[in-house]
Amino acid sequence: MDCIFCKIVNKEVPAEIYYEDDHAIAFLDMNPANVGHTLVIPKKHFETIDKMNKIELDKLSEAILKISKGIMGIADGMNIVQNNKEVAGQAVPHVHFHLVPRYKGDGYSLGWKREKRVTKEENDDFLKKLKEVKI
Ligand code: 5GP
Ligand code: ZN
């Protein structure tokens with residue numbers, strides 16, 4: 001499969017992998033938002049998080065927790081971001097969690113702008129549709 005993150009898992013493409021277990025790796029983002037910007041990914045290829053099952057996500061969570069403890073031991077805070085599909089900003093179609101260390105005075109204001117007005121009707125419609133989706 002022509003997936004850059006699968007290639008990193010298989011060591012066919014170099015990356016600063018600093019954590020590895022049977023199910024996950026963590027490595028530095030090549031275009032970091034901050035010092036220590038880390039990507040934690042499952043070794044197995046899934047395009048988006050909803051394609052994973054509980055066990056697979058549990059295994060990935062273990063790695064995310066370990067890396068989180070490391071980052072929180074160094075930085076002042078951390079943002080975790082996980083994008084699914086292009087519309088949400090996903091550029092690499094292999095599940096990955098961004099763990100972005102935050103440092104006092106780093107000047108970032110990550111987050112969504114709350115400029116879009118969401119009506120109660122729209123949210124009610126969302127909840128109605130959710131009942132029809134098999135989860
Ligand atoms: P996305 O936008 O899909 O959530 O994030 C993809 C991330 O992967 C980006 O932050 C980008 O810098 C990073 N990235 C893409 N290709 C590579 C690569 O080959 N090596 C590393 N280390 N990071 C990559
Ligand atoms: Zn992949």
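Whatever comes next refers back to the structure up there.
Calculation notes
- Numbering of residues starts from 1 in every chain and runs along the sequence as written.
- Going through the entries in the order they are written, you letter the chains from A and number the ligands from 1.
- Only residues with pLDDT of at least 70 are given local features in this predicted model, and only at 80 or more are side-chain atom pairs given and counted; all residues enter the totals for whole chains, interfaces and linings.
- Note that the side-chain values use all heavy atoms of the structure and ignore hydrogens as well as water.
- Nearness is judged by heavy atoms alone; a residue qualifies as near a molecule or strand once a single heavy atom is within 4 Å of it.
- Here a polar contact is recorded for every N or O atom pair within 3.5 Å, except that within protein the pair must consist of a potential hydrogen donor and a potential acceptor, and residues adjacent in sequence are included only if both atoms are side-chain atoms.
- Shrake-Rupley sampling with a 1.4 Å probe provides the accessible areas, and residues are treated as covered by the protein chains on show and by no other component.
- A run of H or I in DSSP counts as a helix once it spans at least four residues, and a run of E counts as a strand once it spans at least two, with each numbered from the N terminus.
- For Na, K and Ca the donor cut-off is 3.2 Å; for every other metal, N, O and S atoms count as donors within 2.8 Å. Water does not enter the count, which can leave sites looking incomplete.
- Per-residue accessibility, obtained with a 1.4 Å probe over protein chains only, is compared with the maximum for each type, and a residue is labelled buried under 20%, exposed over 50%, and partly exposed between these values.
- Contacts are assigned to residue pairs that have any heavy atoms within 4.5 Å of one another.

Chemist: Help me out: how do you make sense of the site of ligand 1 in this one?
Modeler: Ligand 1 sits among 16 residues. The nearest are D29, G89, A91, H96 and H98. With respect to ligand 1, the backbone of M30 contributes an N or O atom lying 3.2 Å from a nitrogen atom. Take N83: an N or O atom from its side chain is 2.9 Å from an oxygen atom of ligand 1. Notes on ligand 1: free accessible area 520 Å², of which the protein chains cover 84%. At the level of elements, α1 (4-9) and β2 (24-28) are the ones that each hand at least two residues to the shell around ligand 1. Top element by residues in the shell around ligand 1 is α1. It accounts for 3 residues.

Chemist: Got a minute to help me understand the coordination of the zinc ion (ligand 2) in this structure?
Modeler: Six octahedral donors at a metal ideally form angles of 90 or 180 degrees, and four tetrahedral donors ideally form angles of 109.5 degrees. Distances from the zinc ion (ligand 2) to its protein donors, C3 (SG), C6 (SG), H45 (ND1) and H94 (ND1), fall at 2.0 to 2.3 Å. Each donor residue of the zinc ion (ligand 2) belongs to the same chain, with the gaps between them written as C-x2-C-x38-H-x48-H. With C6 in helix α1 and H94 in the loop between β4 (77-81) and β5 (97-102), this residue pair connects regions lying 88 residues apart in the sequence. Like C6, the residue H94 is buried in the burial classification.

Chemist: Looking at this structure, how should I read the environment of A63?
Modeler: Checked against the element boundaries, A63 lands in helix α2 (residues 54-72). Along the sequence, A63 and V40 sit 23 residues apart, while their C-alpha atoms lie 7.3 Å from each other. Excluding residues that lie within four positions of it along the chain, A63 makes contacts with Y19, D21, A24 and V40.

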